[in-house]
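Report on the structure
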Amino acid sequence: MLQAQLFTLYPEIFPGPLNKGLYGKALAKNLWSLNVINIRDSAKDKHKTVDDTPYGGGSGMLLKPDVLANSIDNNVKKGERIFYLSPKGKKFDQKLAQDLSKENSFSLICGHFEGVDERVLSTRNIEEISIGDYVLSGGETAALVVLDSVLRLLPGVLGNDKSASDETFENGLLEYPQYTKPQIWEEKSVPEVLLSGDHSKIKDWRLSQSEAITRVRRPDLWQKYKKD
Ligand code: SAH
């Protein structure tokens with residue numbers, strides 16, 4: 001079972017969308033669990049202060065190192081990977097989602113305000129990951145993105161364990177176009193080959209479509225795919 005731990009100032013947000021549909025069922029079946037930790041519980045003063053102004057000036061507030069470190073030290077198991085969601089981080093991708101789906105546990109830290117004191121990141125061996133080149137107001141939505149992409153890779157969660165393996169990124173290509181009933185809709189028919197029942201022809205068609213779409217939409221992925 002995968003145990004995810006989440007450090008946040010807004011624990012009431014979770015599990016939120018992760019408690020719906022197949023993920024909710026998987027949560028009830030203990031295929032994964034989420035331990036949500038309120039960072040504020042580790043604040044020591046009577047006002048439960050979690051943030052302070054940055055040295056050197058500048059706008060906004062930073063999460064205090066003592067409070068965050070306390071929270072981490074009280075909850076993270078030895079050897080567990082800890083990630084801080086941050087726009088400065090290494091780009092999160094399907095490869096890391098796969099790696100995380102094989103861990104027994106990992107921790108995600110959601111920042112707020114202007115971010116966190118840099119010293120916590122280095123002393124607690126925290127890896128910074130970004131979900132994309134844009135700035136969010138807090139790490140919570142990013143943590144949901146990371147968890148969503150990891151949970152669907154856990155055995156037993158998607159119902160059909162094969163459904164994750166054909167998807168975009170799994171083989172370095174974007175997914176081929178898909179069609180369902182009715183066969184003719186608004187005078188448009190589905191591609192003939194998909195009705196042929198010829199599985200090897202269908203496989204070839206899907207691969208060529210995947211390649212064509214990837215070449216046009218994602219030259220970066222296409223270059224990598226051609227090299228491998
Ligand atoms: N001052 C910071 C931005 C802080 S944004 C900077 O310029 O780098 C506030 C919080 O939102 C961050 O602490 C982080 O946890 C989260 N966040 C913002 N953008 C993100 C992104 N692209 N990926 C992951 N987390 C992000």
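Not measured: the values here are computed from a predicted model. (Residues numbered from 1 in each chain as written. Predicted model: local features only at pLDDT ≥ 70, side-chain atom pairs only at ≥ 80, totals over all residues. Heavy atoms only, no water.)

**So, the pattern of salt bridges**
Applicable threshold: Salt bridge, as applied in this entry: a Lys or Arg side-chain nitrogen positioned within 4 Å of an Asp or Glu carboxyl oxygen. Under the scheme used here, helices are H or I runs from DSSP no shorter than 4 residues and strands are E runs no shorter than 2 residues, and both carry numbers assigned from the N terminus. A simple rule labels every residue: compare its accessible area, found with a 1.4 Å probe on the protein chains alone, to the largest value its type can have, and call it buried under 20%, exposed over 50%, or partly exposed in between.
For the coordinates displayed, the defined rule picks out 9 salt bridges. Where Arg-124 meets Asp-73, a salt bridge forms, and the shortest distance between an N and an O atom there is 2.8 Å. Of this pair, Arg-124 sits in the loop between helix H4 (118-123) and strand S7 (127-130) while Asp-73 sits in helix H2 (residues 65-75); the two residues are 51 residues apart in sequence, bridging distant segments of the chain. Assessed through its relative accessible area of 27%, Arg-124 is described here as partly exposed. Put simply, Asp-99 and Lys-95 hold a salt bridge, and the shortest N to O gap is 3.0 Å. Placement of the pair is Asp-99 and Lys-95 together in helix H3 (residues 94-101), with a separation of 4 residues, close to one helical turn.

**Here we look at the packing of aromatic side chains**
To keep things clear, this is the line we draw: Aromatic rings from Phe, Tyr and Trp, taking only the six-membered ring of Trp, are treated as a pair when their centres fall within 6.5 Å; an angle between ring planes under 30 degrees marks them as stacked, one over 60 as edge-to-face, and anything in between as tilted. Whether a charge sits over a ring comes down to the Lys NZ or Arg CZ being within 6 Å of the ring centre and within 35 degrees of the ring normal.
A complete count under the given rule lists 2 aromatic pairs for this structure. Between the aromatic rings of Phe-83 and Phe-106, the centroid separation amounts to 6.5 Å while the plane-to-plane angle is 80°, which identifies the pairing as edge-to-face. Note that Phe-83 is positioned in strand S5 (residues 81-91) and Phe-106 in strand S6 (residues 105-110), a separation of 23 residues in sequence. Of the two residues, Phe-83 and Phe-106, both sit in the buried class. For Arg-215, the ring lying beneath its charged end belongs to Trp-222, and the centroid distance is 5.5 Å.

**Concerning unusual backbone geometry**
In the segment running from Phe-14 into Pro-15, the intervening peptide bond is cis, with an omega of 0°. Checked against the element boundaries, Pro-15 lands in the loop between strand S1 (2-8) and helix H1 (21-28). Of note, the amide linkage connecting Lys-181 to Pro-182 takes the cis form, showing an omega dihedral of 5°. Non-glycine residue Phe-113 carries a positive phi angle of around 55°. As for its position among the elements, Phe-113 is in the loop between S6 and H4. On the accessibility criterion, Phe-113 (36% relative accessible area) is partly exposed. Backbone geometry at Glu-186 places phi at a positive 45°, although glycine is not the residue there. One can find Glu-186 in the loop between strand S8 (184-185) and strand S9 (188-189). Given the relative accessible area of 63%, Glu-186 is considered exposed.

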